[in-house]
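Chain residues, written in single-letter form:
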Amino acid sequence: MHIVDGALTTEVLLIGAALTGLGLMQGLRSMPLEKIPATGMLAATFFVASLIHVPLGPSSVHLIMNGVAGILLGWAAVPALFVGLLLQAIFFGYGGITVLGVNACNIALPAVLVYYLIRPFIVRASVRQQFIFGAFGGGLAVAGSTLMVAASLWFSGEEFIPAAKLVLVSHIPVIFIEALLSGATLYLVAKVKPELFMGRSW
Amino acid sequence: MFWVTSIDPRVRIILALLFSLVVVSLKALPLLLVAFAMGLLILPGSGLSWQLTLKRMLAMDGFILLMLIMLPFTVAGDFWFSIAGFTATWQGLWRAVEIALKANAIVLMLLTLVGSMESVTLGHALGKLRVSRSLVHLLLFTVRYVEVLKEEYQRLRQAMQARAFRPGNNWHTYRSFGYLFGMLLVRAMERSERVMEAMQCRGFNGQLPMLAQLRMGLMDWVFISVMLAALGGLMYLEIYRVII
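Residue numbers here run from 1 along each chain, matching the order of that chain's written sequence. Chain A is the first chain written and ligand 1 is the first ligand written, with later ones labelled in order. Only residues with pLDDT of 70 or above have their local features reported here, since the model is predicted, and side-chain atom pairs are shown and tallied only from 80 upward, although totals for entire chains, interfaces and linings are computed over all residues. Based on all heavy atoms of the structure, the side-chain values leave hydrogens and waters out of the count.

A. Here's a closer look at the overall build of chain B. Going along the chain from the N terminus, every DSSP run of H or I of four or more residues is numbered as a helix, and every run of E of two or more is numbered as a strand. Broken down by element type, chain B carries nine helices and two strands. Ordered by position from the N terminus, the helices and strands of chain B form the series α-α-α-α-β-β-α-α-α-α-α. Radius of gyration here is computed from C-alpha atoms only, and the compact-globule reference equals 2.2 Å multiplied by the residue count raised to the power 0.38. Expected size for 244 residues packed as a compact globule is a radius of gyration near 18 Å; at 24 Å, chain B overshoots this value by more than 25%. Taking the principal axes of the C-alpha coordinates as reference, chain B spans close to 65 × 60 × 30 Å. Each residue is placed in one exposure class: buried if its accessible area under a 1.4 Å probe, protein chains only, is under 20% of its type's maximum, exposed if it is over 50%, and partly exposed if it falls in between. The proportion of buried residues among the 244 residues of chain B is 46%. In chain B, of all internal contacts separated by at least 6 residues, the share reaching a separation of at least 24 is 71%. Charge counting treats Lys and Arg as positive and Asp and Glu as negative, with His and both chain ends excluded. Every charge is mapped onto a representative atom, which is NZ of Lys, CZ of Arg, CG of Asp or CD of Glu. One finds the centroid of the 23 positive side-chain charges in chain B at a distance of 3 Å from the centroid of its 13 negative side-chain charges. Should any heavy atoms of two residues lie within 4.5 Å, those residues are counted as being in contact.

This is the structure:
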């Protein structure tokens, strides 16, 4: 889901950069200095997640887990996911620089949305229900990201509309897989270390 | 000693940024080729391996590749060829080539100028460039623990393998991977608690001291001038359409 430099129009790039900038400001404000080591550690975990491949049909997909990031980190998910994307661009050449704002916004804003929509249920849920809400959050976040990637392409010109449609269709199975995995992840965390999301948000 | 690594990291970051902004706004294919060649010219001085860098450049998302292949069929214009009822256009082809060149020219320059840095140096340089201190600290902690957590992940995978886990398209696989990632999160959190306590014992007050002393030298100014002249030239040729 990394869009490359050179494809999108200037308007889309600027909107993406502005939204990411605002998200970063809000995210950094919600992250006091003593939380930075823990947030960095989680950011590194989400970075590692993108290296984990799970089978999907004859091929495989890598984890995104932005829903879980939103539930655990709240607004701090924006800087955490941004740092991951920045490192991927600089050291692996995934994505690009001028599209960094758009790419970060596509991944991180749905995470924040999940934080507001799902986290209130998570903190009250029983261990069994964690799976359901986790799955909802994980699926919703990836669905949101897919919609935003498609929209970024759609608004960049008619010639990208078929590609945008392709993104939408091809990510439907990914949404379901991320939902299952996020559900299982939250179920395990609720069982093993519930204080990870029982306390106040990071 | 590779000459790129001796240039001030701040200069490399700013020039890579400037380069991306200029290249993104170019339209003429010959100029994009020149921009791409600039990256190739600097690559040997960065100490990065040729094969690895070229592989990383070409390793675009499969979906982006598909999008580029679709472009000749979705852009309106002059007939190029038709296959199974779909017509491809020359304009579409050039648009796809333009995007591929831009993306790769920028990635190449980014890898050679910034990707050749130690990640800690990158953090310190961003700090000196007055990027938000919290963001820089976050970056430094993240790069410090990516490798550690990757090893943790491999340990967990090994433990699964020892219990005869084989991934497939089934519920058992997805649940196991979910638990694996959950365990990774739990261990990361516990590690961060230990790290935080150890750091507080050593007087950590929330600030990492930025020890690196950066000073601009003659080489830095020469590199800046050459790059600015090249980028200025590209912009001039693009705006006044001297070629094509």
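B. Here's a closer look at the packing of helix α2 (residues 36-49) of chain A against helix α8 (residues 171-201) of chain B. To obtain each axis, a line is fitted to C-alpha atoms, and for helices this fit is confined to the stretch in contact; angles are then taken between N-to-C directions over 0 to 180 degrees. Two numbers describe how α2 of chain A lies on α8 of chain B: the axes approach to 9 Å, and their chain directions differ by 150 degrees. With respect to α8 of chain B, the element α2 of chain A is oriented roughly antiparallel. Seen from above, α2 of chain A lies across α8 of chain B with right-handed handedness. Contacts from P37, A38, M41, L42, T45, F46, V48 and A49 of chain A of α2 of chain A reach α8 of chain B at F181, L184, L185, A188, M189, R191, S192, V195 and M196 of chain B. Under this grouping Gly is polar, as are all residues other than the nonpolar Ala, Val, Leu, Ile, Met, Phe, Trp, Tyr, Cys and Pro and the charged Asp, Glu, Lys and Arg. By residue class, the composition of the contact of α2 of chain A with α8 of chain B is 14 nonpolar, two polar and one charged. Note on angle classes: values under 35 degrees are labelled roughly parallel, values over 145 roughly antiparallel, values of 65 to 115 roughly perpendicular, and the remainder oblique. Take the far helix as the reference: if the near one is turned anticlockwise from it by less than a right angle, the crossing is left-handed, and if turned clockwise, right-handed.

C. Fine view of the pattern of salt bridges. Salt bridge, as applied in this entry: a Lys or Arg side-chain nitrogen positioned within 4 Å of an Asp or Glu carboxyl oxygen. Counted under the stated rule, the structure contains eleven salt bridges over all chains. For E190 of chain B, the salt bridge is made with K193 of chain A, and the minimal N-O distance between the two is 3.7 Å. Separated into two different chains, E190 of chain B in helix α8 and K193 of chain A in the loop between α8 (172-192) and α9 (195-198) make up a pair that spans both. By relative accessible area, which is 6% here, K193 of chain A ends up buried. Here K193 of chain A ties to E193 of chain B by a salt bridge, and the two come within 3.6 Å at their closest N and O atoms. Residue K193 of chain A is found in the loop between α8 and α9, and its partner E193 of chain B is found in helix α8; the two belong to separate chains. Overlapping salt bridges bring together E159 of chain A together with R95, E98 and K102 of chain B as one network.

D. Expanded view of the interface of chain B and chain A. Each partner contributes residues to the interface: chain B has 70 residues there, and chain A has 71 residues. Buried area counts how much accessible surface, traced with a 1.4 Å probe, disappears from two parts once they are put together, with both parts' losses summed. For the pair chain B and chain A, the summed buried area comes to about 6200 Å², and 82% of that belongs to carbon and sulfur atoms. Two N or O atoms form a polar contact when they lie within 3.5 Å of each other; inside protein one atom must be a possible hydrogen donor and the other a possible acceptor, and for residues adjacent in sequence the pair counts only when both atoms belong to side chains. Our count for the contact surface shared by chain B and chain A stands at six residue pairs in polar contact (both at pLDDT 80 or more). Per-element accounting of the side of chain B that touches chain A gives the leading share, 21 residues, to α8 of chain B. Looking at the side of chain B that touches chain A, its residues break down into 45 nonpolar, 16 polar and nine charged.

By themselves, these observations are geometric and do not establish any function.
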